[in-house]
Amino acid sequence: MGRYSIPFMGVLLLFCLVSSSEAEYLKYKDPKAPLNVRISDLLKRMSLEEKIGQMTQIERSVATPDVMNKYFIGSVLSGGGSVPATKASAATWQQMVNQMQKAALSTRLGIPMIYGIDAVHGHNNVYNATVFPHNVGLGVTRDPVLIKKIGEATALEVRATGIPYVFAPCIAVCRDPRWGRCYESYSEDPKIVKTMTEIIPGLQGDIPGNSIKGVPFVAGKNKVAACAKHYLGDGGTNKGINENNTLISYNGLLSIHMPAYYDSIIKGVSTVMISYSSWNGMKMHANKKLITGYLKNKLHFKGIDRITSPPHANYSYSVQAGVSAGIDMIMVPFNYTEFIDELTRQVKNNIIPISRIDDAVARILRVKFVMGLFENPYADPSLANQLGSKEHREIAREAVRKSLVLLKNGKSYKKPLLPLPKKSTKILVAGSHANNLGYQCGGWTITWQGLGGNDLTSGTTILDAVKQTVDPATEVVFNENPDKNFVKSYKFDYAIVVVGEHTYAETFGDSLNLTMADPGPSTITNVCGAIRCVVVLVTGRPVVIKPYLPKIDALVAAWLPGTEGQGVADVLYGDYEFTGKLARTWFKTVDQLPMNVGDKHYDPLFPFGYGLTTNITKY
């Protein structure tokens, strides 16, 4: 920074410089100064406008250099599908982030901005990134070591694009699969979700042993700040309706939905995202008791609380309620001037005390200092080759193998179908999801709602994986939706039918019927009614399968496996054992929902913890 005068307490202090090369010593810019000293020094230099700018998070599409500089914007984000260019390279992402950072650093105090992105199953917005299985599959693995490796790989791929902050992990406890975000949840069981918070030290690095509980931690420029979301109870809403009301006692809220947050804070998570849902009729973003009282005061969380943009029905109240409840950073993607003006008005009129603003800004600055953003604000071009690397794709392939659940194997236990023989004369691969990378990856992939087809990114479809696994002499015939005559007219040795749900995210995925997408049911009927078949379900949750079960020889839940479809073939053909156990209850009919393990009237099709194995040594 060049020389400047600092206004403080209404007095202009002029510093006499010995020579033109000398600059004022700024404690907040000294990496050797104690953290609290740096925070305090910078905070006392900031104007109200600069403080409110730090609390404001805007969308990348409006984050021009002029906007960054004029409003002192503290944070920028990419919403789902918000990219600098179609199929943008790591270098293009880095260039964009650096341009915004340069504008932030050109402000009076030179406070770096923090760029955040939804990396919920790998760096899923970015072309050619490794897309890992969604959380619904990862919970099946019950493997925290693997989950940490996924966090480490994701951090490197995110940093490869110059981004230091991810809106992940989602540690919701989905209690009803009708919820459109259920695939973002590891399990209906809080113990499994708590175990999966091991992704946080993967993303951020292992917190030092002597660290104080609640203090955010990021171990250098190869790691990213994480965000535990969505606090609290978002997975327990009535009928699984997104952003709806969670009806549960205080003790129930703490015992089911809180444990993973407690673990996340112990592991040094940098931020917590507040839910849009309500608890017993009260919006979470206005719940001061749970945000300030419990999260900040009882659990001693010292990182950033943030929220998506306040609802607009009563904007002034929403701003007042959210900030007063303890929210520090507010996502106002496009209408940022309205938020800035409103918050400024409320502070100047003593509706919101300046002490609350100072608390919020101190928390934001703490995370930025801990991350090393003041010392290393720009992207590291040497990390660009980490995006979609072979090593990361191998980790994803392992995750796919371990997330598969074998639900049925043979119409009698004496005649199992799996593992499949690699050497056959002719086999049929059918189903709308067999040759569809987009369906495999699900929502939150390249775009917010996800995309069907094979053009969205690079990866291996299940069909391609099968072709690469079977003996070269085996003829593989693909027909997406064959009729019965087609199936009967060829002498197929067996069939693989891959069907499931189309892509969705958030409210668009809320479903009261939980049926497979057409023509999935008819494909099962046409194929499995004629020849031996294994059905592979590509879904974000349990779906209605009971009516088709008698026709099916073998049934595999593959969830949303991501880009590495080879992991599915690895297990179907016996190169690896089935090890996955259901982390969700599989219902018989939707009328039973919600139904979770431990319920008094528990009558599932496949219970929590269920999962067959194949004795591959026998083959």
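Bear in mind the structure is a predicted one, so any value in this text is a computation, not a measurement.

Caption draft 1: The overall build of the protein chain, seen in detail. The helix and strand tally for the protein chain stands at 20 helices and 19 strands. The C-alpha atoms of the protein chain give 26 Å as radius of gyration, which agrees with the globular expectation for 619 residues (25 Å, within 12%). In terms of principal-axis extent, the alpha carbons of the protein chain reach across some 90 × 50 × 45 Å. Going through the 619 residues of the protein chain one by one, you find that 61% of them count as buried. Across the protein chain, every contact between residues at least 6 apart in sequence was considered, and the portion connecting residues at least 24 apart equals 75%. Carbon and sulfur atoms make up 53% of the accessible area of the protein chain, which totals about 22900 Å². Of the charged side chains in the protein chain, 66 are positive and 52 negative; the average position of the first set lies 4 Å away from that of the second.

Caption draft 2: Spotlight on the UniProt feature "domain: Glycoside hydrolase family 3 C-terminal" (unreviewed entry) in the protein chain. Mapped onto the present numbering, the UniProt feature "domain: Glycoside hydrolase family 3 C-terminal" (unreviewed entry) falls at residues 404-613. Secondary structure over residues 404-613 splits into 17% helix and 15% strand, and the C-alpha atoms at its two ends are 11 Å apart.

Caption draft 3: The arrangement of the sheet that holds strand β13 (residues 329-331) in detail. Pairing within the open sheet is parallel, and its eight strands lie in the order β6-β5-β4-β3-β13-β12-β9-β7. With one partner strand each, in any of the chains shown, β6 (165-166) and β7 (227-231) form the two edges of the open sheet. Pairing geometry for strand β4 (residues 75-78) and strand β5 (residues 114-117), over four bridges, is parallel. Across the sheet, the residue bridging to Ser-78 is Ile-117, located in β5.

How each quantity is defined
- Residues numbered from 1 in each chain as written.
- Predicted model: local features only at pLDDT ≥ 70, side-chain atom pairs only at ≥ 80, totals over all residues.
- Heavy atoms only, no water.
- Helix = DSSP H or I, 4+ residues; strand = E, 2+ residues; numbered from the N terminus.
- Rg over C-alpha atoms; globule rule 2.2 N^0.38 Å.
- Buried < 20%, exposed > 50% of the residue type's maximum accessible area, 1.4 Å probe, protein only.
- Contact = heavy atoms within 4.5 Å.
- Areas by Shrake-Rupley, 256 points an atom, 1.4 Å probe, with all protein chains shown as cover.
- Lys, Arg positive; Asp, Glu negative; His and termini not counted.
- Charge placed at Lys NZ, Arg CZ, Asp CG, Glu CD.
- UniProt positions renumbered as here; feature names shortened; annotations may be inferred.
- Pairing = 2+ DSSP bridges.

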